[in-house]
Amino acid sequence: MGKNVFTRLVAFPLLAGLAWSTAAAQSKPVPNRQLASKELNLRVENLLRKMTLDEKLGQLSQYSAGFAAGPGVLNLSWDELVARGQVGAMANVVGAEETNHYQHIAVEKSRLHIPIMFGLDVIHGHRTIFPVPLALAASWDPKAVELVARTGAVEARADGLSWVFSPLVDIARDPRWGRIVETEGEDPYLGSALARAWIKGYQQDDLSKPDSVAANVKTYAAYGAPIAGRDYNAADMSEITLRQVYLEPYRAAVEAGAVSMMSSFNTVNGIPASANPFTLTQILRKEWGFDGFVASDWEAISELVTHSIGDAPTVARKALEAGLDADMEDGLYATVIAPQVRSGKIPVSVVNEAVRRVLRVKFALGLFDHPYTTSGPSYDATPERRALARKVAGETLVLLKNEPVEGAGKLLPLSINGKTVALIGPLADNQLEMLGAWAVSGDPKYVVTLRTALQERIGERLLYAEGCGLLSGQDENILKQVRFLGPQVALNDHEPVPDDDKSIAEAVETAKKADVAILALGEPTNWMEGEAASRAHLGFTGSQERLLEAVVATGKPVILVVLSARPLQLKWAAKHVPAIVEAWSPGMEAGHAVTDLLFGDVNPSGKLPASFPRAVGQEPLYYAQLPTGRPAHEDLGRMPRTGEEKFVSRYMDEDNSALFPFGWGLSYTTFKYAQPTISRAEVPAREILASRRKHIATVGLDVTNTGSVAGTEVVQLYIRNTAASVEQPVRELKGFARVTLAAGETKHVEFPLGFDELNFYNANVQRTVEPTTYKIWVGGNSLATAETSLKVVE
Ligand code: BGC
């Protein structure tokens, strides 16, 4: 044992003089303008007065057509159920004709003519499929995210849908969790900026526009922090971490006007999220002023029985009373609430309040005035939408490594000048896998693969070999899970190639005939990422690592394109492959976007929204760690990892650092950061607290493109609060800007700082700012070194 020193985290009492302003600095509820409208609420009250209890509960019930849980429970057909006014919303009914069918029944045959809200998982586009959300986060481009949401909304609305189960704004710090693909990654600042962009794109600050859709923000709360990365597992953390990290993007979404939320499957600090009055009512409604509605995730209410908080009537009551307004798929609100209202166990006011929240959104969407969809089939691959998908995908690609090769210089951008290219790998020509998880309305036949795009570009100078299957024989257990959902996913794409040894040998021969080899490797994205797709190992699946090693052994220069929408463990590749591009699941324009980048038509600008590990044992791995009293030298930046340290916070058999850190991403040009300056070196805490959302100082610096081609750099600002009463992370992102610079050009970049950037939660769980010094760094990733500081005085 080393020196027996215990460092206590002491929560200092609030400085007396600051107490008043700390309270004043707490976020005030921001009512949604449309939902707060007097006229709208009058219409809601008029309607509510006329409703029977069953009709009210109908508005709180959402069913997915084609699944047994709805009419199965009530023994009625869909048409009958709708005609009785007992269906508030339907999921998985898509298309003008299909939705209009039920809408006509609801509006014309049901007693009160209340329209249905049709919802769907529109996650990264509807018909036009864009890169998956984690990839979109790698663009660090809120405008691009907004355009993706906008396109999805237009297409969804044309298909009769008015409610999208997106965005998922959970913070994810553990790539074992398959749903990291649906998130914006590990950071609350980036996540919040993108959450706002999603909402703006879907709702346009005006739900009543004919091409706006209601966003359903998910998955509230802290679903992204399952212990050990296993989907649906409990989340357990301090209230400070919950608020400061995990709840921030939901809060941003609510402030941006989101009108519905989806409650999650997990428990949050011991209480299931779907029956949690603290998150659903105290925080969401009372503190944030949310006046939309909360719907459960799929059967999340009946799962409360398995969570062991009561029998079916009890859990339904607990969920409703906690603030969960609508029931997705369980049919429980429709069956077990009414008897409890009649017996007086549940006050009818609780039901009324939930119904109000649902109706408000339906009125705001204009569904009462325009219930039907008049457009025809929406899918036409308009050149504009395809061009947007290609452009956005180009922004999401991250150049992880581009080291010179002896005698050939840097491999990227590719200049082939008559040379032959060998394209190898099970993801080089696989349309389905380019779409990524949750592309529910995406059609693989519209996808351009890398093979197709390269063929267009270099014709017969392209050689191709599949190399091996995505999954091999040993992955029988994985195969069964991938096929679980039935024949539609049991495509040949997932079948093991009968003989990987033979295929690898063929691929090696193909590589030998070429001047350069491009390998497209990863994992099956369609069903091995997303929901219920946690992994304990983060390598390439099947025989792909073996394939990579065999091709590298030929001595041919190798470019690796990784197609996986979670950080994989790329340690061997990072050491032995000179050029690596993280391409995620790029969507329908996958091949074009990657080819644009490989040939330099697009200069890489993507930056990692999540840390890439050296080993799975490092997870959860994220840059914004709290300090330890025994930091390793490596973490202090003093010296490289050495064997001579003991009794410090480190792994004996691996570095602490990420293989590729948060914010990382190279370009075909280089950028120089000048010394940043700050407009005021010293600011009183009182002034920051009183200023609320105004900025009190500005960090500025020159960034120069020192290379020979134009490029876009994501300039990032990080802070460290060095003396807070509650320990703060060693670094936190608090600003970023995409800056495009011509070769040789310099631009001055400014980052405003104010309460929003500088506050933290104190021991009383209140947002505050105290006297301290903030270290501030600006640079192109989370290891940024250009430094300044800000002193906060009393
Ligand atoms: C998922 C949600 C999704 C819902 C409806 C659930 O299994 O957790 O994210 O929106 O299904 O398809």
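The rules behind each value
Residues numbered from 1 in each chain as written. Predicted model: local features only at pLDDT ≥ 70, side-chain atom pairs only at ≥ 80, totals over all residues. Heavy atoms only, no water. Near = heavy atom within 4 Å. Polar contact = N/O pair within 3.5 Å; in protein donor to acceptor, adjacent residues only side chain to side chain. Areas by Shrake-Rupley, 256 points an atom, 1.4 Å probe, with all protein chains shown as cover. Nonpolar A, V, L, I, M, F, W, Y, C, P; charged D, E, K, R; others polar. Axes fitted to C-alpha atoms, helices over the stretch in contact; angles between N-to-C directions. Helix = DSSP H or I, 4+ residues; strand = E, 2+ residues; numbered from the N terminus. Parallel < 35°, antiparallel > 145°, perpendicular 65-115°, else oblique. Contact = heavy atoms within 4.5 Å. Buried < 20%, exposed > 50% of the residue type's maximum accessible area, 1.4 Å probe, protein only. Phe/Tyr/Trp six-rings, centres within 6.5 Å; stacked < 30°, edge-to-face > 60°. Core = buried A, V, L, I, M, F, W, Y, C linked by side-chain atoms within 4.5 Å. pLDDT = per-residue confidence, 0-100. Pairing = 2+ DSSP bridges.

Participant: Is there a simple way to explain the site of the ligand in this structure?
Facilitator: Around the ligand, the structure places Asp 121, Phe 165, Arg 179, Lys 218, Met 262, Phe 265, Asp 297, Trp 298, Met 328, Trp 438 and Glu 531. Between the ligand and Arg 179, the relevant distance is 2.7 Å, taken from an oxygen atom to a side-chain nitrogen or oxygen of the residue. Within the side chain of Asp 297, a nitrogen or oxygen atom sits 2.6 Å from an oxygen atom of the ligand. Considering the ligand on its own, with 310 Å² of exposed area, one finds that the protein chains cover 92% of that surface. Of the residues in the shell around the ligand, the class split is six nonpolar, no polar and five charged.

Participant: What should I look at first to understand the packing of helix 10 (residues 239-246) against helix 11 (residues 248-255) in this one?
Facilitator: The geometry of a pair of packed helices is captured by two quantities: the angle between their axes and the separation between those axes. Viewed as axis vectors pointing N to C, helix 10 and helix 11 meet at an angle of 50°, and their least axial separation amounts to 5 Å. Between helix 10 and helix 11, the angle is such that the two are oblique. Contact with helix 10, carried on its side by Arg 243, Gln 244, Val 245 and Tyr 246, involves Glu 248, Pro 249 and Tyr 250 of helix 11 and no other residues of that element. The residue makeup of the contact of helix 10 with helix 11, split by class, is four nonpolar, one polar and two charged.

Participant: What should I look at first to understand the side chain of Ser 263 in this one?
Facilitator: The residue Ser 263 is located in strand 6 (residues 260-263) in this model. A relative accessible area of 0% means that Ser 263 is categorised as buried. Polar side-chain contacts of Ser 263 include one of 2.7 Å to the side chain of Ser 274. In contact with Ser 263, not counting residues within four places along its chain, are Thr 219, Tyr 220, Ala 273, Ser 274, Leu 280, Val 294, Ala 295, Ser 296, Asp 297 and Leu 324.

Participant: Is there a simple way to explain the side chain of Ser 264 in this structure?
Facilitator: Position of Ser 264 relative to the elements: it lies in the loop between strand 6 and strand 7 (267-268). Exposure remark for Ser 264: the relative accessible area of 1% places this residue in the buried category. Ignoring sequence-local partners within four residues, the contact set of Ser 264 consists of Thr 219, Tyr 220, Ala 221, Tyr 223, Ala 273, Ser 274 and Ala 300.

Participant: Got a minute to help me understand the packing of aromatic side chains in this structure?
Facilitator: Any aromatic ring pair is given by two values, namely how distant the centres are and how the planes are angled relative to each other. Applying the stated criterion across every chain, the model contains 18 aromatic pairs. Summarising the aromatic geometry, the rings of Trp 198 and Tyr 202 are spaced 5.8 Å apart at their centres and angled 20° between planes, so their arrangement reads as stacked. Placement of the pair is Trp 198 and Tyr 202 together in helix 9 (residues 188-203), with a separation of four residues, close to one helical turn. When sorted by exposure, Trp 198 lands in the same class as Tyr 202, which is buried. Geometrically, the ring pair formed by Phe 660 and Trp 664 is tilted, given 6.5 Å between the ring centres and 35° between the ring planes. Assessed through its relative accessible area of 6%, Phe 660 is described here as buried.

Participant: Help me understand the nonpolar core in this model?
Facilitator: One recurring pattern in soluble globular proteins: nonpolar side chains tend to sit buried together. Formed by 164 residues in total, the largest nonpolar core has its most connected members in Tyr 220 and Leu 598. Those residues in contact with Tyr 220 that sit more than four places away from it in its chain are Leu 247, Tyr 250, Met 261, Met 262, Ser 263, Ser 264, Ala 273, Thr 279, Leu 280, Ile 283, Leu 284 and Trp 288. Core analysis: the next-biggest nonpolar cluster, separate from the first, contains 46 residues, Leu 519, Phe 540, Leu 570 and Trp 584 among them.

Participant: Help me understand the confidence of the model for the protein chain, please; the structure alone is not making it clear to me.
Facilitator: Any segment with low pLDDT has predicted coordinates that should not be analysed in fine detail. For the protein chain, per-residue confidence averages 92 on the pLDDT scale, and 91% of positions sit at 70 or higher. A low-confidence stretch, residues 68-72 (pLDDT under 50), is modelled with ten contacts involving residues beyond four sequence positions or located in other chains. Low pLDDT (under 50) marks residues 487-492, which in the prediction has eight contacts with non-local residues, meaning those over four places away or in another chain.

Participant: Got a minute to help me understand the sheet that holds strand 11 (residues 398-402) in this structure?
Facilitator: Paired through backbone hydrogen bonds, the strands of a sheet run either parallel or antiparallel to each other. As summarised here, the arrangement of the six strands in space is 11-18-17-16-14-15, forming an open sheet in which the pairing is mixed. Edge positions in the sheet fall to strand 11 and strand 15 (462-465), since each of these pairs with one other strand and no more. Across the sheet, the mean angle separating the axes of adjacent strands is 20° when strand polarity is ignored. Inspection of the sheet shows strand 14 (residues 421-424) paired to strand 16 (residues 516-522) by four bridges, in the parallel sense. Counterpart to Ile 424 in the pairing with strand 16 is Leu 519. Helix 25 (residues 590-598) contacts strand 16, strand 17 (558-563) and strand 18 (579-582) of the sheet and is inclined by roughly 145° relative to strand 17.

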